[in-house]
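# Results of the structural survey
One-letter residues, chain by chain:
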Amino acid sequence: MNVEETLPNSDQNFSEVDLEEIRDEDEIELENSLQQLAEQTESAPENQPVQPDQPVPTQTAPDLNHLAKIEALISESVGLRAQLDDRQAQYARLYADFENFRKRTLREKEEEEEKNTSKILKKFLPVVDDFERAKLQIKPKTDAEANIHNSYQSVYKQLVKCLQEVGLVRMETVGQEFDPNLHEAIAQEPTSEFAEGAVMAELRSGFLLADKVLRHALVKVAAAPSEES
C-alpha cells in the first residue's frame, strides 16, 4: 500500500484517530513484509557440513538471487518506515496548525461580538442620561403629573435592568480616588470634605462592560483647601 494514498485532502478535517489508522495500516504492511522475509529465509536449504576431504561448495545463482531478494525486502521495509515517520510528522504539523487556526478564529469571533455589543450599548447611554436628568429636574405638583412622572420612571428602571442583564455596570465614583483609566476630570475644586485627589462629584455616569470601560465618568476632583478658605 502506498502511504501517500492515505493522505486526506488538505481541505478535509482530520483527527488523531485518522493518524492512528494510517500508522496501523503501514505497520501491518511492514509486519507482512518482514513475515514474508522470515518465511523465505526458513525455506532456504540449510548449510550441509563440509567433510574434510570434500571441496568447499561455492554459492550458486539461486543463492545469490535469494540474498538479493532479502536485501530488497530489507531496503523496502526501511523505506516504508521512513515514509511512515515522515507522514506522522506531517500530520502532527497539520493538526497543530488547524488547532491554532480554530482557536484564533474563535477568539476573533468573540472580539467582534463584544465590539458590536459595545457599539449598540453606547447608543442607549444618552437615553439613560436623559431619564436621570428628568428625574432630578422635574418636580410634579399635581397627582396627574406625578402619575406621568412615575410612568416614565418605570420605563427607565426597566431599561436599566435590561442593560444590567447584558453586563453593563455603573461606576462608583464619588469618594473614590481619581483614576484616569476610569474618570475624566473636567473641574477641580478646593475642599476639606474630601481628600486631595478624590472624586467629589459626578457630572456624568461612567459604565463598564465585561470589566472594560464603555464610557468614562465625568467628575469633579477635590483639591487641597486654600489657606483663605
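Residues numbered from 1 in each chain as written. Predicted model: local features only at pLDDT ≥ 70, side-chain atom pairs only at ≥ 80, totals over all residues. Heavy atoms only, no water.

Turning our eyes to something else, we now look at the overall build of the protein. Looking only at helices and strands, the protein has three helices and six strands in total. For the protein, the N- to C-terminal ordering of α and β elements is α-α-α-β-β-β-β-β-β. Every one of the 229 residues in the protein was classed for burial, and the buried ones make up 24%. Within the protein, counting contacts between residues at least 6 apart in sequence, those at least 24 apart form 69% of the total. (Helix = DSSP H or I, 4+ residues; strand = E, 2+ residues; numbered from the N terminus. Buried < 20%, exposed > 50% of the residue type's maximum accessible area, 1.4 Å probe, protein only. Contact = heavy atoms within 4.5 Å.)

Looking now at the nonpolar core. Counting residues in each nonpolar core, the largest one holds 12 residues, listed as L121, L125, V128, F131, Y156, L159, V160, L163, L168, F207, L209 and L214. Of all the elements in the fold, those that place two or more residues in this core are α2 (61–137), α3 (143–165) and β4 (207–209). Setting aside its immediate chain neighbours within four residues, L121 contacts L163, V166, L168, L209 and L214. (Core = buried A, V, L, I, M, F, W, Y, C linked by side-chain atoms within 4.5 Å.)

By secondary structure assignment, the location of R215 is in strand β5 (residues 212–215). Looking at R215, the relative accessible area reads 12%, which means it is buried. A polar side-chain atom of R215 sits 2.8 Å from the main-chain carbonyl oxygen of S205. Residues in contact with R215, not counting those within four places in the same chain, are L125, D129, M171, R204, S205, G206 and F207. (Polar contact = N/O pair within 3.5 Å; in protein donor to acceptor, adjacent residues only side chain to side chain.)

The subject of this paragraph is the environment of N150. Take N150: it is sitting in helix α3. The spacing of N150 and P140 is 10 residues in sequence and 9.7 Å in space, taken between C-alpha atoms.

With that settled, the discussion passes to the confidence of the model for the protein. Within the protein, residue pLDDT values average 79, and 72% of them lie at 70 or more. In the predicted structure, residues 1–15 sits below a pLDDT of 50 and forms 23 contacts with residues beyond four places in sequence or in another chain. Low pLDDT, under 50, characterises residues 44–52; the stretch is placed with four contacts to residues that sit more than four places away or in other chains. (pLDDT = per-residue confidence, 0-100.)

What follows concerns the sheet that holds strand β3 (residues 199–204). With mixed pairing, three strands are arranged side by side in an open sheet as β2-β6-β3. Every interior strand has two partners, whereas the edge strands, β2 (183–190) and β3, have only one. Across the sheet, the mean angle from the axis of one strand to that of its neighbour is 25°, orientation sign disregarded. Of the strand pairs in this sheet, β2 and strand β6 (residues 217–223) are connected by seven bridges, and their pairing is parallel. What sits directly across from E184, in β6, is L218. (Pairing = 2+ DSSP bridges. Axes fitted to C-alpha atoms, helices over the stretch in contact; angles between N-to-C directions.)

Let's shift gears to the pairing of β6. The buried fraction of β6 amounts to six of the seven residues, a majority that puts the element mostly inside the structure. One ladder, built from four bridges, connects β3 with β6; its direction is antiparallel. Directly across from E202, in β6, lies its bridge partner V219.

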